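Read off the chains here:
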Amino acid sequence: MPNRKLSKNKNFLIHKSMNGLLLLIYSMILLFASFSCAQIAESISTSCENELTCTKCTIKAQCVWSLDQQACVSNTSLKNSSLIVHSEEKCPRFLVSSKREYNNEFSFLKYTVKILNDSVGFIDFLNKNNFTCNSSSIDVHTEINNNEIVCSTQVKKSYFTDNKKKSFTAFIYVKFNGVILWLDNISDHYATIYERPCVENVKDADCATCTWNDDGFSHYVRLCSAENTCEGHNELYMMHNGIGQFWNFSSQKVKDRCAEINVTSVVPLSGSLTADTEIKITLKNHYIFSKNQHSNVTVAGKVCKQIWWTGTDTITCIMSPPPDDTYDEPPSGPVSVMYKSDKGELNVESSQTFQFDVGTMCGKPRPVLSLRQELYGVEQGGTTVKLNGFRFIKPCIASPARMFVKLPNGTMQFASKNCDTPTDDNYMVCRAPEMNRTNGWDVNAPNFTRALNFGLEVMNFVTNESLLVNGPLISYYHVLEDYQPEEFEIKSDGSVAVYGNHLRHMHPDVFIKFKDSTMYEKCNFTLAEEHSFVCKPITPIVDSAVINITIGDFLTYKLKKRPCDFIKLIWFFIVISLTVILSVSAYCYRIRNRHDVHKTIHDPPVNLTDINTRTALLQC
């Protein structure tokens, strides 16, 4: 009976172990298949730390805003905290207001920050921590009233008299646990106190303000004309990081950062190399800056002469031709208006570029590149090639123009499609030619022979002329092996991964059309490697078995969805199976050893004499 029972238990254990093994293997297959075929989210490099406010931080998918740190961080480095904001609509909002009062001795300011949309208990957090109102230039008293933080301060009337000022501007901020509470609008941190009661709408009538963030500092420029009854003529520049403050206006450059201080237009944007050019510059709030100040204008680094007003916001000046020794490389650059007073300089620079024209003579100099450019194109051609330089407008390069590449044997390969008509003298978009191997060209030749000269075939007055593109350094055109995209995969973050060969130098102009779509859409290029590239469509996409992509102008490919990697699945299954079988075998071996020991102990030893007697009887 003990033997039979032990054998039964042994069989039961082995049977149960095999069932568990099969169940485990089956579960692992399902898990791996699900993992292999899932759309895995790719990590996209997102700069979170550069965003200084909650609303700007949380519009990025991989960034969250830490209220207790007042910092934008990646959600991959996120620690558990109730003071984390994941979406823009959850961000606290700050409503800032200033109230002023006066008596014979002081001017008072009550600066209030009202916290709205508190969805995570930020106000309770502030109440439990040591927070204060601060200013690097004046003493500030702090109090809290429900969801309002009130910062109160005062300035003696003698300050205005002694410094011959009508106003005082302070940078005010709330600080808790050594951290600054950053408001969404930089200008809200700055509050002005006046010597006497002042009508608010009059105060802003003759002032211009500009604020911006740069290198961890907030910058504040405020200029007021003498006609302002509250401020009078006032020039103020302040820079803060919550610690330091600099009152010296010194020399500041403002370029397209603020609506109130901005060059809005320059007409014309090109000038003659042989005659004077009259230039009209429109600058917002010029009449405020120009009063009681000296101003001058530079165009492309050259001083503009005979400056006069032609309107409250308009300056006109005369630009003389550059020296003859600049004819080969006519100067170009922004237009800068400089206002200078006893407090410093303010330079307002245009985003537009002024270019001296080559006039009607185009024989020499030729179209050139401003910097060394190594341009790339695939052997089959059809991709766009972007040239940056100057002298890309007629009559130097008249439409139509075609790009060509000069092969080692002197043959010129021309593009089958013309360049776009240039609208900017510094930029032109052309098409890459097909590199025909029948002319002795070998795409597999050594690298030093693959760097080829290139140029443009242009209409130069009455005939076509082929002009090699020259520059300060030799510029080359490189031929790459043809793209070979073969299959695609849709990632869980909405991006599209395309697999194939020779994709490392993938052209950034990628357009994609899914099976049920009627038109192509831009797919923003993010990553390229030898055997894959990744792009992100502008609009959300749905799963699709087939897509069409175009690269450049007219290279079109039809791709099928990448199947699950069953080879990896089989290898994974084999490894897991062997591991489990070895584990179960070891376990069964231990059970068998215990069974042999148990049998030896309980079964009586066999009498050898009885065995011999039974054997003899059987033989009879």
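Residues numbered from 1 in each chain as written. Predicted model: local features only at pLDDT ≥ 70, side-chain atom pairs only at ≥ 80, totals over all residues. Heavy atoms only, no water.

Q: Just checking my understanding: could you explain the overall build of the chain for this structure?
A: When helices and strands are counted, the chain shows nine helices and 39 strands. Expressed as a percentage of its 620 residues, the buried residues of the chain come to 41%. When contacts within the chain are restricted to residue pairs at least 6 apart in sequence, long-range pairs at least 24 apart make up 61% of them. As displayed, the chain offers around 33800 Å² of accessible surface, 54% of which is attributable to carbon and sulfur atoms. (Helix = DSSP H or I, 4+ residues; strand = E, 2+ residues; numbered from the N terminus. Buried < 20%, exposed > 50% of the residue type's maximum accessible area, 1.4 Å probe, protein only. Contact = heavy atoms within 4.5 Å. Areas by Shrake-Rupley, 256 points an atom, 1.4 Å probe, with all protein chains shown as cover.)

Q: I keep staring at a nonpolar patch on the surface and nothing clicks. Help me out?
A: A cluster of nonpolar side chains, contributed by Ile570, Ile574 and Leu578, occupies part of the molecular surface with about 270 Å² of accessible area. With respect to the helices and strands, Ile574 occurs in helix α8 (residues 566–602). Residue Ile574 is classed as partly exposed on the basis of its relative accessible area, which comes to 34%. (Patch = residues over 30% accessible without salt bridge, like charges linked within 9 Å, V, L, I, M, F, W, Y side chains within 5 Å. Salt bridge = Lys/Arg side-chain N within 4 Å of Asp/Glu carboxyl O.)

Q: I tried to follow the packing of aromatic side chains on my own but got confused; where do I start?
A: Centre distance and the angle of the planes are the two values used to describe a pair of aromatic rings. Evaluation of the coordinates by the stated rule reveals 13 aromatic pairs. Relative to Tyr173, the ring of Phe171 lies with its centre 5.4 Å away and its plane at 40 degrees, an arrangement referred to as tilted. Relative accessible area serves as the criterion here: at 7%, Tyr173 is assigned to the buried category. Ring pairing ties together the aromatic residues Phe171, Tyr173, Tyr190 and Tyr220, which thus form one cluster. Across the ring face of Phe511, the terminal group of Lys522 is positioned such that the distance to the ring centre comes to 5.4 Å. (Phe/Tyr/Trp six-rings, centres within 6.5 Å; stacked < 30°, edge-to-face > 60°. Lys NZ or Arg CZ within 6 Å of the ring centre and 35° of its normal.)

Q: Looking at this model, I keep getting lost on the nonpolar core. Mind explaining?
A: A general trend in soluble globular proteins is that nonpolar side chains are found buried together. Membership of the largest hydrophobic core comes to 37 residues, with the highest contact counts inside it found for Phe122, Leu126, Ile149, Cys151 and Phe176. Of all the elements, strand β9 (residues 167–176) adds the most residues to this core, at five residues. Sequence-distant contacts of Ile149, that is, excluding residues within four places in its chain, are made with Tyr111, Thr112, Val113, Ile115, Leu126, Phe131, Cys133, Glu143, Ile144 and Val174. (Core = buried A, V, L, I, M, F, W, Y, C linked by side-chain atoms within 4.5 Å.)

Q: Looking at this structure, I do not really get the sheet that holds strand β38 (residues 546–551). What am I missing?
A: Neighbouring strands of a sheet are bound in pairs by backbone hydrogen bonds; such pairs are parallel or else antiparallel. The seven strands are arranged β33-β34-β37-β36-β35-β38-β39 in a closed barrel whose pairing can be described as mixed. Ignoring which end each strand starts from, the neighbouring axes of this sheet average 35 degrees apart. For β38 and strand β39 (residues 555–561), the ladder comprises six bridges, and the chain directions are antiparallel. Paired with Ile551 across the bridge in β39 is Leu555. (Pairing = 2+ DSSP bridges. Axes fitted to C-alpha atoms, helices over the stretch in contact; angles between N-to-C directions.)

Q: What am I meant to see in the pattern of salt bridges here?
A: Once the charged atoms of two side chains with opposite charge are near each other, the side chains can pair. All told, the structure shown has five salt bridges when counted by the stated rule. Notably, a salt bridge pairs Arg222 with Glu231, separated by 3.0 Å at the nearest N-O pair. Between Asp420 and Arg431 there is a salt bridge; the shortest N-O distance is 2.7 Å. Residue Asp420 is found in the loop between β28 (412–414) and β29 (427–431), and its partner Arg431 is found in strand β29; the two are separated by eleven residues along the sequence. Judged by its relative accessible area of 35%, Asp420 falls in the partly exposed class.

Q: How should I be thinking about the sheet that holds strand β1 (residues 63–66) in this particular structure?
A: Here three strands make up an open sheet; going across it, the order is β2-β1-β3 and the pairing antiparallel. Looking at strand neighbours, the two that pair on one side only are β2 (71–74) and β3 (84–85), the edges of this open sheet. Looking at chain direction, β1 and β2 are connected through four bridges and run antiparallel. The residue of β2 that forms the bridge with Cys63 is Ser74.

Q: Quick question: what am I supposed to make of the environment of Cys133 here?
A: Take Cys133: it is sitting in strand β6 (residues 131–135). We classify Cys133 as buried; its relative accessible area is 5%. Sequence separation between Cys133 and Ile149 is 16 residues; the distance between their C-alpha atoms is 8.3 Å. If we ignore the near neighbours within four places in the chain, the residues touching Cys133 are Val140, His141, Thr142, Ile149, Val150, Cys151, Tyr173 and Val174.

Q: For this particular structure, what's the right way to read the environment of Arg100?
A: With respect to the helices, strands and loops of the structure, Arg100 is situated in strand β4 (residues 93–102). As for Arg100 and Tyr111, which are separated by eleven residues in sequence, their C-alpha atoms are 8.8 Å apart. Reaching out from Arg100, the side chain makes a polar contact with the backbone oxygen of Thr192 at a distance of 2.7 Å. (Polar contact = N/O pair within 3.5 Å; in protein donor to acceptor, adjacent residues only side chain to side chain.)

Q: Would you mind going over the side chain of Asn347 with me for this structure?
A: Here Asn347 is to be found in strand β23 (residues 344–356). Exposure remark for Asn347: the relative accessible area of 14% places this residue in the buried category. Setting aside residues up to four positions removed in sequence, Asn347 forms contacts with Ser251, Gln252, Lys253, Val254, Ser336, Val337 and Met338.

Q: It is not clear to me how the state of the cysteines should be interpreted in this structure. Could you clarify?
A: Two cysteines whose sulfur atoms are joined by a covalent bond form what is called a disulfide. Using the criterion set out here, one finds ten disulfides in the structure. Covalent S-S linkage joins Cys57 and Cys72, the inter-sulfur distance amounting to 2.0 Å. One quick way to see it: the torsion about the S-S bond of Cys57 and Cys72 is about 80 degrees, and its sign makes the bridge right-handed. In this pair, Cys57 sits in helix α2 (residues 54–58) while Cys72 sits in strand β2, placing the two residues 15 residues apart along the sequence. On the accessibility criterion, Cys72 (6% relative accessible area) is buried. (Disulfide = S-S within 2.5 Å.)

Q: I tried to follow the pairing of strand β14 (residues 234–240) on my own but got confused; where do I start?
A: Within a regular strand, the side chains alternate between the two sheet faces. For β14, the tally of buried residues reaches seven of seven residues, placing the bulk of the element in the interior. Side chains of β14 alternate between two faces, with Asn234, Leu236, Met238 and His240 and Glu235, Tyr237 and Met239 buried alike. Both strand β13 (residues 217–224) and β14 contribute to a ladder of seven bridges, which runs antiparallel. Across the sheet, residue Ser218 finds its bridge partner in β14, namely His240.

Q: Where do I start with the pairing of strand β33 (residues 484–490) in this structure?
A: The sheet contact formed by β33 and strand β34 (residues 496–501) spans six bridges and is antiparallel. By the bridge assignment for β34, Ile490 is matched with Val496. Hairpin geometry of β33 and β34 is characterised by an intervening segment of five residues between the two adjacent antiparallel strands and by a positive phi of about 90 degrees at Gly494. With two bridges connecting them, β33 and β39 associate as parallel partners.

Q: Explanation requested: the confidence of the model for the chain in the structure shown.
A: Any residue range with low pLDDT should be treated as having predicted coordinates unsuitable for detailed reading. For the chain, the mean per-residue pLDDT works out to 76, and 71% of the residues sit at or above 70. Under a pLDDT of 50 for its full length, residues 21–45 has, in the predicted model, 30 contacts with residues more than four places off or in other chains. In the predicted structure, residues 613–620 sits below a pLDDT of 50 and forms zero contacts with residues beyond four places in sequence or in another chain. (pLDDT = per-residue confidence, 0-100.)

Q: Got a minute to help me understand the environment of Val254 in this structure?
A: Position of Val254 relative to the elements: it lies in strand β15 (residues 250–255). Residue Val254 is classed as buried on the basis of its relative accessible area of 0%. Counting along the chain gives 82 residues from Val254 to Ser336, while the straight-line C-alpha distance between them is 9.8 Å.

Q: For this particular structure, what's the right way to read unusual backbone geometry?
A: Excluding glycine, a negative phi dihedral is what most residues carry, and trans is how most peptide bonds are arranged. Between Val267 and Pro268 the backbone carries a cis peptide bond, its omega angle lying at -5 degrees. The residue Pro268 is located in the loop between β16 (263–267) and β17 (270–271) in this model. In this model, Gln306 sits at a positive phi of 55 degrees, which is unusual for a non-glycine residue. Using a relative accessible area of 53% as the deciding quantity, one classes Gln306 as exposed.

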